[in-house]
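If you want the building blocks of each chain, they are given just below.
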Amino acid sequence: MTIFSRKSRFRAGLATLFLVAALAQPTIMVAGATPAAASFGISTGKGIDACGLMNNTARAQAFWQNTPYNNIGIYIGGSSAACPTNSASFVSSLVNMGWGIMPLWVGPQAPCTSYGSRFSSNTTTAYNQGKNEAIASYNKLISLGMSTDNTPVIYDLEAFDTSNSGCLSAAKAFIRGWTEQLHVPPAQKAGVYGSSCASGIGTYASNNPAPDFIHGADWDGITSTSNMACVSAGNWTLHQRHKQYRGGHSETWNGVTVSVDSDCSNGPVYPAGDTASQGCV
């Protein structure tokens, strides 16, 4: 096991100056507000997401101390979330350790799936449901003690039949509602996670507004966020990508073994970023 030096993090003034220049708005989006200070930063480092770390400060510490990881995906809620946190103290502990947090909201899934919780196949209804999920995620941020100014929030949309045009249209409408509502002041950064191909991630670039950033699952083992199947290299180019490059596998750090997914970032995390150089860009 390779031991890594202490993470290099920059906060407050430096993070804000960098971010206003780097993440004001993507070219594929309609104009929006200039980012406010100190609620997010850009990470260019590696991360993980794992139910086995949720609500367990000791395990999270084990995967932070002298490891290659800067970022952690945490499930903050939603009707389909298997392991959501309801603990503001857990979130505070992660921030105090130095983690960059990728908040994930796992609500209703596409109508053509078999999930117990699904949004409507009617595009108008799906759009409104997307807005409702954004409101619910905003309220959860508050209950977890997190800032709501430009905080990145990621909607977890699992794989569905993207060849089903009706289902894809409903998903696009849902994500449009999610994005529009999160942009209501105090605005958050609206992200979407899913299979880079089987969740239709690339198609959301044509939404107006498009998501502020993406978190694509493409288990090719390549860490570069620029290399993402079914997503044009010309979209989400301004520090707007996280990539899950490896699916569930066991890792052991500091005597603790957990099944994790592996991420690499060139995108926003809460509350501050890092200066890592780990092949993610």
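Below is a summary of the structure that appears in this document.

### Details of the pairing of strand S3 (residues 69-77)
Then step 1. Among the nine residues in S3, nine count as buried, and that is most of the element.
Then step 2. For the crossover that starts at strand S2 (residues 46-49), traverses helix H2 (residues 57-62) and ends in the parallel S3, the hand is right-handed.
Then step 3. In the sheet, S3 pairs with strand S4 (residues 100-105) via six bridges, with the strands oriented parallel. Opposite Gly 77, over in S4, you have Trp 105 as the bridge partner.
Then step 4. Read as a crossover between parallel neighbours, the route from S3 over helix H3 (residues 88-97) to S4 is right-handed.

### Looking at the nonpolar core
Then step 1. One finds Phe 63, Trp 99 and Tyr 204 to be the most contacted residues of the largest nonpolar core, which totals 65 residues.
Then step 2. It is helix H5 (residues 165-182) that provides the largest number of residues to this core, a total of nine residues.
Then step 3. Discounting chain neighbours no more than four positions away, the residues touching Tyr 204 are Leu 157, Phe 160, Ala 171, Lys 172, Ile 175, Val 192, Ser 199, Ala 210, Pro 211 and Trp 236.

### Focus: the pattern of salt bridges
Then step 1. Tallied over the full model, the rule gives two salt bridges.
Then step 2. Between Arg 176 and Glu 180 there is a salt bridge, and its shortest N-O distance comes to 3.6 Å. Taken together, the residues Arg 176 and Glu 180, both in helix H5 and four residues apart, mark about one turn of the helix.
Then step 3. Its salt-bridge partner being Lys 243, residue Asp 220 comes within 3.0 Å of it at the nearest N-O pair.

### A closer look at the state of the cysteines
Note: disulfide means a covalent bond formed between the sulfur atoms of two cysteine side chains.
Then step 1. Per the counting criterion, the structure on display carries four disulfides.
Then step 2. Between the sulfur atoms of Cys 51 and its disulfide mate Cys 83 the distance is 2.0 Å. Given an S-S torsion of about -75°, the disulfide between Cys 51 and Cys 83 has left-handed geometry. Taken together, the residues span a long stretch of sequence, with Cys 51 in the loop between S2 and H2 and Cys 83 in the loop between S3 and H3 at a distance of 32 residues.
Then step 3. Overall, the relative accessible area of 14% leaves Cys 83 in the buried class.
Then step 4. Linked covalently through their sulfurs, Cys 197 and Cys 230 form a disulfide whose S-S length is 1.9 Å. The sign of the 85° torsion about the S-S bond sets the Cys 197-Cys 230 disulfide as right-handed.

Rules of the game
Residues numbered from 1 in each chain as written. Predicted model: local features only at pLDDT ≥ 70, side-chain atom pairs only at ≥ 80, totals over all residues. Heavy atoms only, no water. Buried < 20%, exposed > 50% of the residue type's maximum accessible area, 1.4 Å probe, protein only. Helix = DSSP H or I, 4+ residues; strand = E, 2+ residues; numbered from the N terminus. Right-handed = clockwise from strand over helix to strand, strands pointing away. Pairing = 2+ DSSP bridges. Core = buried A, V, L, I, M, F, W, Y, C linked by side-chain atoms within 4.5 Å. Contact = heavy atoms within 4.5 Å. Salt bridge = Lys/Arg side-chain N within 4 Å of Asp/Glu carboxyl O. Disulfide = S-S within 2.5 Å.

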